[in-house]
Amino acid sequence: MTDGHLFNNILLGGRGGTNPGQLRVHAGGIAWRKQGGGKIIEVDKADIASLTWMKVPRAYQLGVRIKDGLFYKFIGFREQDVANMTNFIQKSIGITPEEKQLSVSGHNWGGVDINGNMLTFSVGSKQAFEVSLADVAQTQLQGKTDVYLEFHVDDTTGANEFVGDENRPPAQVLLEKIMSLADISSSEEAVVTFEGIAILTPRGRYSVELHFSFLRLQGQANDFKIQYSSVIRLFLLPKSGQTHTFAVITLDPPIRKGQTLYPHIVIQFEAEAAVEGRLSLSEDLLATRYKDKLEASYKGLTSDVFIWVLRGLSGAKVTRVSSFRSCQGGYAVKSSLKAEDGLLYPLEKGFFFLPKPPTLILHDEIEYVEFERHGAGGSSVSSHYFDLLVKLKNDQEHLFRNIQRTEYHSLFDFISGKGLKIMNLGDVQTTNGVAAVLQNADDDAVDPHLERIKNEAGGEESDEEDEDFVADKDDGGSPTDDSEEEESDASERGDDKERPAAKDSKKEAAGTKASSTKRKPKDGDEEGSKKRRQKKKKDPNAPKRALSGFMFFSNAERENVKKSNPGMSFTDVGRTLGERWKKMSAEEKEPFEAMARADAKRYKEAMAGYKSGGPASTGGPASTVDSGDETE
């Protein structure tokens, strides 16, 4: 074979087989011989219908189509081989190879063409894949638009290499072969292994192996290998009631399970669970690489030992609870985020909501925070709870709902101490100004920020009546309470539907409220009770509060929503308005925002006159509080 060009390459045989060998191009045609000997495939140049070049992964492919319909594919050519062979083929065989492009867009729609015995699927002008119809064992029509192809299972070219048995199916054999060659498993012994660990995200029970350079989560259905270079922060946060402890591993890049990305691995340990043992580390490594980081033996709470070993191996820093304490002495406050109940941890440099969805918010990312009335867009408006809105600098918002009213001062003081901006009475003010008002106020002064929450909640302090809202007799308030339960039901109540109520019922409810507020105080609390009663008084001449742009939008569109959806509950009306507002563009919101700015100016001027003792206009565009939600 000296009168032609000789190349080492691979023949793509029928039914997916691949055979290494040598291809010879000469003046009479093309010949290919399998490595190690065997039958030679020869194609006379008179039988060649066309030749094509295609760039495939890591190589080039030469396609040879003969006149009787057969198609051969040879891969393994280098880029410099393409030019040399093209020139030689043109001179010796008299055919110019065409260049075809492979589609790598990932589209699963396109056109189908049959050329000879090859079925080609193309996306645009590029080929996505092609199959030999000689490999089709059965075909049939499924429905009216689908054609089903079934291929031969037994392949003599080696595709049935992965033969299974009753205990190990072929797929399991293939998986084991892939894992033995891929960088997934490791022959090195784990430094320490924690069995049966409860992981909340991604949910499941895993065996957690800590190796020298990576950690491995091995479950029944999933197996994750995470390099320590991806671990950017560790968190150790006890839950309320000290029943469990969260250990969180923050990753960048995150791990993937299906189509879901998990930037945080949330592990839940029992608070009192303890562990004792020895690390699989040599004395040399302990004395050099892990000096002052790890010790040969360990003993203590499982959560502490886990974080201690992981920190020593990965070098990641550990964040623990801050100086914040709730009214019950806990490290977090109960709240809800996106209909999921959980705990909001105020940390020294951010907020962390756990367990689901795990949401980490750094102080540097926050534009401002705002304390809001509880129940916006919900079924009830309660003065016993409030919501905390966190607005980020990238305009993203997080709304933490159902926080107990008793946690207000603890949260407010902590946020103020961190120098974050707080939205107070509609204006963005620094916490220094708000804190000064609180510190300089006397005992009879009213905290304007807290009063705003009370008034917007429609509680006893407000003399305005929400005509759309009727409290159910069996309304238990917010789904979050003072109990130490780990989880609460965040689903919508079935009795939240809007229903008619007579005015007598409202008067009766108002009378019940009034009688409950006139209970005789204890002797020791008489002075304090008087002050509280003074705080609850509202001057009827005080100006009505300014409404936001969303409130003007809700007042304008509420009746239209009700007419378009007869029988829609009060909760769903508020939710629908909130969703529509969120989807509106800035241009569509502008008329309502302009009304809000004008009303804010009216309120500011009226308040200035009211505080100076002069006449103040109490008129406002609306007297009811709309239960909409523009953030979720």
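Quick note: structure is the one above.
Keep in mind the model is a prediction, meaning the values are calculated, not measured.

Asks: Hey, could you run me through the environment of Pro 357 in this one?
Replies: Looking at the element boundaries, Pro 357 is found in the loop between β26 (350-354) and β27 (359-362). Residues Pro 357 and Gly 342 lie 15 residues apart in sequence; the distance between their C-alpha atoms is 8.8 Å. When near neighbours in sequence (up to four residues on either side) are disregarded, Pro 357 contacts Leu 337, Lys 338 and Glu 340.

Asks: Can you help me understand the sheet that holds strand β23 (residues 318-319) in this one?
Replies: The pairing of strands in a sheet happens through backbone hydrogen bonds and is either parallel or antiparallel. Strand order in this open sheet of eight strands is β17-β16-β15-β14-β20-β19-β18-β23, and the pairing throughout is mixed. A strand with exactly one partner marks an edge of an open sheet, and here the two such strands are β17 (223-227) and β23. As judged from the ten bridges shared by strand β19 (residues 244-257) and strand β20 (residues 260-270), these two strands associate in the antiparallel manner. Opposite Ala 247, over in β20, you have Ile 267 as the bridge partner. Strands in contact with helix α4 (residues 302-314) are β14 (192-201), β15 (204-210), β16 (214-218), β18 (231-238), β19, β20 and β23; relative to β18, the strand with the most contacts, it is inclined by about 165°.

Asks: Looking at this structure, I do not really get the pattern of salt bridges. What am I missing?
Replies: Two side chains that carry opposite charge are able to pair once their charged atoms sit near each other. Tallying each qualifying case throughout the model produces eight salt bridges. Where Arg 216 meets Asp 223, a salt bridge forms, and the shortest distance between an N and an O atom there is 2.6 Å. A relative accessible area of 32% means that Asp 223 is categorised as partly exposed. Its salt-bridge partner being Glu 348, residue Lys 418 comes within 2.4 Å of it at the nearest N-O pair. Placement of Lys 418 in the loop between α5 (408-417) and β31 (421-424) and of Glu 348 in the loop between β25 (340-346) and β26 is noted, with a sequence separation of 70 residues between them. Using a relative accessible area of 29% as the deciding quantity, one classes Lys 418 as partly exposed. We classify Glu 348 as partly exposed; its relative accessible area is 37%.

Asks: What should I look at first to understand the packing of helix α10 (residues 549-564) against helix α11 (residues 570-583) in this one?
Replies: Helices that pack against each other are described as a pair by the angle of their axes relative to one another and the distance between those axes. One can describe the packing of α10 onto α11 by two numbers: an axis separation of 10 Å at closest approach and a directional angle of 125°. Between α10 and α11, the angle is such that the two are oblique. For the pair α10 and α11, the crossing hand works out as right-handed. Residues Gly 549, Phe 550, Phe 553, Ser 554, Glu 557, Arg 558, Val 561 and Lys 562 of α10 form the contact with α11, whose participating residues are Phe 570, Val 573, Thr 576, Leu 577, Gly 578, Arg 580 and Trp 581.

Asks: For this particular structure, what's the right way to read the sheet that holds strand β10 (residues 118-123)?
Replies: Reading across from one edge, β9-β10-β11 is the order of the three strands in this open sheet, with antiparallel pairing throughout. Strand pairing shows two members of the sheet lacking a second neighbour, β9 (111-115) and β11 (126-132), which therefore form its edges. Adjacent strand axes in the sheet meet at a mean angle of 25°, parallel and antiparallel pairs treated alike. Direction of pairing for β10 relative to β11: antiparallel, over a ladder of six bridges. When the bridges of β11 are listed, Ser 122 appears paired with Gln 127.

Asks: Teacher, can you tell me more about the side chain of His 363 here?
Replies: Here His 363 is to be found in the loop between β27 and β28 (366-373). At 3.3 Å, the side chain of His 363 forms a polar contact with the backbone nitrogen of Gly 350. If near-sequence neighbours (up to four positions away) are discounted, His 363 is found in contact with Leu 347, Glu 348, Lys 349, Gly 350, Phe 351, Lys 418 and Leu 420.

Asks: I tried to follow the packing of aromatic side chains on my own but got confused; where do I start?
Replies: Each aromatic ring pair is summarised here by two numbers: the centre-to-centre distance and the angle between the ring planes. Evaluated as defined, the whole model comprises 19 aromatic pairs. Look at Phe 194 and Phe 306: their rings are 5.3 Å apart centre to centre, the planes differ by 75°, and that puts the pair in the edge-to-face class. Of this pair, Phe 194 sits in strand β14 while Phe 306 sits in helix α4, and the two are 112 residues apart along the sequence. Seen from their ring centres, Phe 324 and Phe 414 are 5.6 Å apart, and the 75° between their planes marks the pair as edge-to-face. Of this pair, Phe 324 sits in the loop between β23 and β24 (333-337) while Phe 414 sits in helix α5, and the two are 90 residues apart along the sequence.

Asks: Please clarify how the packing of α10 against helix α12 (residues 586-611) should be interpreted in this entry.
Replies: Close contact between α10 and α12 brings their axes to 7 Å; oriented N to C, the two are set at 120°. Compared by their axis directions, α10 and α12 come out oblique. Crossing hand, α10 versus α12: right-handed. Two secondary-structure elements touch here, α10 through Gly 549, Phe 552, Phe 553 and Ala 556 and α12 through Phe 592, Glu 593, Met 595, Ala 596 and Asp 599. Residue composition of the contact of α10 with α12, by class: six nonpolar, one polar and two charged.

Asks: What is the right way to look at unusual backbone geometry in this model?
Replies: In terms of backbone geometry, most residues other than glycine have negative phi values and most peptide bonds are trans. In the segment running from Thr 201 into Pro 202, the intervening peptide bond is cis, with an omega of -10°. With respect to the element layout, Pro 202 can be found in the loop between β14 and β15. Following Leu 354, the chain continues into Pro 355 via a peptide bond in cis, with omega recorded as 5°. Mapped onto the elements of the fold, Pro 355 is located in the loop between β26 and β27.

Cut-offs and rules
- Residue indices begin from 1 for each chain and proceed along its sequence in written order.
- A pLDDT threshold of at least 70 governs which residues receive local features in this predicted model, and a stricter bar of 80 or more applies before side-chain atom pairs are shown or counted, although totals over entire chains, interfaces and linings include all residues.
- Side-chain measures here rest on the full set of heavy atoms in the structure, leaving out hydrogens and waters.
- Here a helix means four or more residues in a row that DSSP labels H or I, a strand means two or more in a row labelled E, and each is numbered from the N terminus.
- Any pair of residues with heavy atoms lying within 4.5 Å of one another is described as a contacting pair.
- When DSSP finds two or more bridges between a pair of strands, those strands are recorded as paired.
- In this analysis an axis means a line fitted to C-alpha atoms, helices contributing only their contacting stretch, and an angle means the value between N-to-C directions, from 0 to 180 degrees.
- Salt bridges are defined by distance alone: a side-chain nitrogen of Lys or Arg within 4 Å of a carboxyl oxygen of Asp or Glu.
- Each residue is assigned to one of three classes by its accessible area relative to the maximum for its type, calculated with a 1.4 Å probe on protein chains only: buried under 20%, partly exposed between the two thresholds, exposed over 50%.
- Any angle from 65 to 115 degrees is called roughly perpendicular, while one under 35 is roughly parallel, one over 145 is roughly antiparallel, and all others are oblique.
- Crossing handedness is defined as follows: a turn of the near helix away from the far one that is anticlockwise and smaller than a right angle gives a left-handed crossing, while the clockwise case is right-handed.
- Throughout this description, a polar contact denotes any pair of N or O atoms lying within 3.5 Å of each other; where both atoms belong to protein, one of them has to be capable of donating a hydrogen while the other can accept it, and for residues adjacent in sequence the pair is counted only when both atoms sit in side chains.
- Side-chain rings of Phe, Tyr and Trp, where Trp is taken by its six-membered ring, are said to pair if the distance between their centres is within 6.5 Å; with planes under 30 degrees apart they count as stacked, over 60 as edge-to-face, and otherwise as tilted.
- The nonpolar class holds Ala, Val, Leu, Ile, Met, Phe, Trp, Tyr, Cys and Pro. Asp, Glu, Lys and Arg form the charged class, and all remaining residues, Gly among them, are polar.

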